[in-house]
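# Structural overview
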Amino acid sequence: MPDAGPSFTVKLAETDAEIKAAQRLRYDVFVRELGGGGEMVDHSERLEKDRFDPYFDHMLVYDDMTGEVVGVYRLLPDDRAADIGQFYSEDEYDLTVLKQGGRKLLELGRSCLHKDYRGGTAMYHLWNGLAKYVAERKIEVLFGVASFHGTNVQELAQPLSMLHHNHLAPPDLRVRAQAGVFQNMNIVGPESLDRRASMLQVPSLIKAYLRLGGFVGEGAFIDHAFNTTDVCLVLDTERMNERQRRIYGGA
């Protein structure tokens, strides 16, 4: 019989052990692979964690064969953000335009896959789990920071400028990097853009949001602790067309 390929299970973490499994995968990806850090990173236990973890839902993708967590997503509904007093990304972005819009919000973050599962179907299962989560809770707007590796803005001038010129959010969704840390993304003029070269530099997660009709906020944030340059992605489920809805729903 032909090999059916790996089988996966998607669920929300329910125990401390499951949350630690998510934090361990995050450590492998964000700390060991990408050179990130942070005040609460536990190097002895190999856990990447922060003060927001207790408030988030942690979506896990398990490889059914090994029982290992191979993909994670961190999800924060707006009612829980109100309990904390802020969203995670408010340290980087002014979210006033979203918070005053009167719509149900969900913040996404810390998305990663084990290196052996990238380019396969694990990400499909993670997206499918996210789509179900959004539908069950009637979420209307999804947002969160996504990262380019590295902090040299000149090396990222083409992709940042391409996002600014071609995918800037409309005014009702246009979050903006906080004034004290605002990094202009309008570095290269539209006439000097090399779109193909720009897209080759765009991480796959950002490309996925763009295919779904997502936008970027205005301005980037240089995160030296994580060795990244962050942009804020915003996805309005009402603006998605039917093709995009099918992609998002895992069809």
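This structure is a prediction, so every number in the text was calculated from the model and none was measured.

### Quick look at the overall build of the protein
- Broken down by element type, the protein carries eight helices and ten strands.
- Relative to a compact globule of 251 residues, whose C-alpha radius of gyration would be 18 Å, the protein shows 18 Å and is just as compact.
- Along the three orthogonal principal directions, the C-alpha set of the protein runs to about 55 × 40 × 40 Å.
- With 251 residues in all, the protein has 49% of them scored as buried.
- Looking at the protein alone, contacts between residues at least 24 apart form 75% of all its contacts between residues at least 6 apart.
- Total accessible area computed for the protein in this model is approximately 12,300 Å², and 49% of it derives from carbon and sulfur atoms.

### Considerations on the packing of aromatic side chains
- As enumerated under the stated definition, the model contains five aromatic pairs in all.
- Ring geometry for Phe87 and Phe143: centres 5.0 Å apart, planes at 80 degrees, overall edge-to-face. Placement of the pair is Phe87 in the loop between α2 (78-84) and β4 (93-94) and Phe143 in strand β6 (residues 141-149), with a sequence separation of 56 residues. The pair Phe87 / Phe143 is uniform in exposure class, with both members buried.
- With centroids separated by 5.2 Å and ring planes inclined at 65 degrees, the aromatic side chains of Trp127 and Tyr209 adopt a geometry described as edge-to-face. Taken as a pair, Trp127 in helix α4 (residues 122-137) and Tyr209 in helix α7 (residues 204-211) lie far apart in primary sequence, 82 residues in all.
- The buried category is assigned to Trp127, whose relative accessible area is 11%.
- Overall, Tyr209 belongs to the buried group, its relative accessible area being 6%.

### Description of the environment of Ala146
- Along the chain, Ala146 turns up in strand β6.
- Among the residues examined, Ala146 registers a relative accessible area of 5% and is labelled buried.
- Counting along the chain gives 33 residues from Ala146 to Ala179, while the straight-line C-alpha distance between them is 19 Å.

### Remarks on helix α1 (residues 16-33)
- Taking 1.5 Å of rise per residue, 18 residues should cover 26 Å, and α1 covers 24 Å from first to last C-alpha, within 8% of that figure.
- The largest bend in α1 is about 30 degrees, located at Tyr27.
- Among all positions of α1, only Glu18, Ala22, Gln23, Leu25, Arg26, Tyr27, Val29, Phe30 and Val31 are buried.
- Along its buried surface, α1 packs onto β1 (8-12), β2 (57-63), β3 (69-77) and β5 (105-113).
- Just downstream of α1, Gly35 is the residue with a positive phi angle, here 80 degrees.

### Description of unusual backbone geometry
- Positive phi, normally seen in glycine, also occurs at Arg46, with a value near 60 degrees.
- As for its position among the elements, Arg46 is in the loop between α1 and β2.
- Here Lys138, not a glycine, exhibits a phi torsion of approximately 55 degrees, which is positive.
- Note that Lys138 resides in the loop between α4 and β6.
- Since its relative accessible area comes to 62%, Lys138 is described here as exposed.

### Brief notes about the layout of surface pockets
- Computed from the structure, the largest pocket encloses a volume of approximately 1,100 Å³.
- Surrounding the largest pocket, 45 residues form its lining, Ser111, Cys112, Pro203, Ser204 and Leu205 being those nearest its centre.
- Mapped onto the lining of the largest pocket, the elements with two or more residues apiece are α1, β5, α4, β6, α7 and β10 (228-236).
- It is β6 that contributes the most residues to the lining of the largest pocket, eight residues altogether.
- Residue classes in the lining of the largest pocket are distributed as 27 nonpolar, eleven polar and seven charged.
- Estimates place the volume of the second largest pocket at around 380 Å³.
- Lining the second largest pocket we find 20 residues, and of these Asp50, Tyr88, Asp91, Arg110 and Phe226 sit closest to its centre.
- Ranked by residues supplied to the lining of the second largest pocket, first place goes to strand β9 (residues 221-223) with three residues.

Calculation notes
- Residues numbered from 1 in each chain as written.
- Predicted model: local features only at pLDDT ≥ 70, side-chain atom pairs only at ≥ 80, totals over all residues.
- Heavy atoms only, no water.
- Helix = DSSP H or I, 4+ residues; strand = E, 2+ residues; numbered from the N terminus.
- Rg over C-alpha atoms; globule rule 2.2 N^0.38 Å.
- Buried < 20%, exposed > 50% of the residue type's maximum accessible area, 1.4 Å probe, protein only.
- Contact = heavy atoms within 4.5 Å.
- Areas by Shrake-Rupley, 256 points an atom, 1.4 Å probe, with all protein chains shown as cover.
- Phe/Tyr/Trp six-rings, centres within 6.5 Å; stacked < 30°, edge-to-face > 60°.
- Expected span 1.5 Å × (residues − 1).
- Bend = angle between axes of the 7 residues up to and from the residue.
- 1 Å grid on protein atoms, 1.4 Å probe; cavity = no way out; pocket = protein on both sides within 12 Å on 5 of 7 lines; lining within 4 Å.
- Points joined across faces, edges and corners; volume = space filled by probe spheres on them.
- Nonpolar A, V, L, I, M, F, W, Y, C, P; charged D, E, K, R; others polar.

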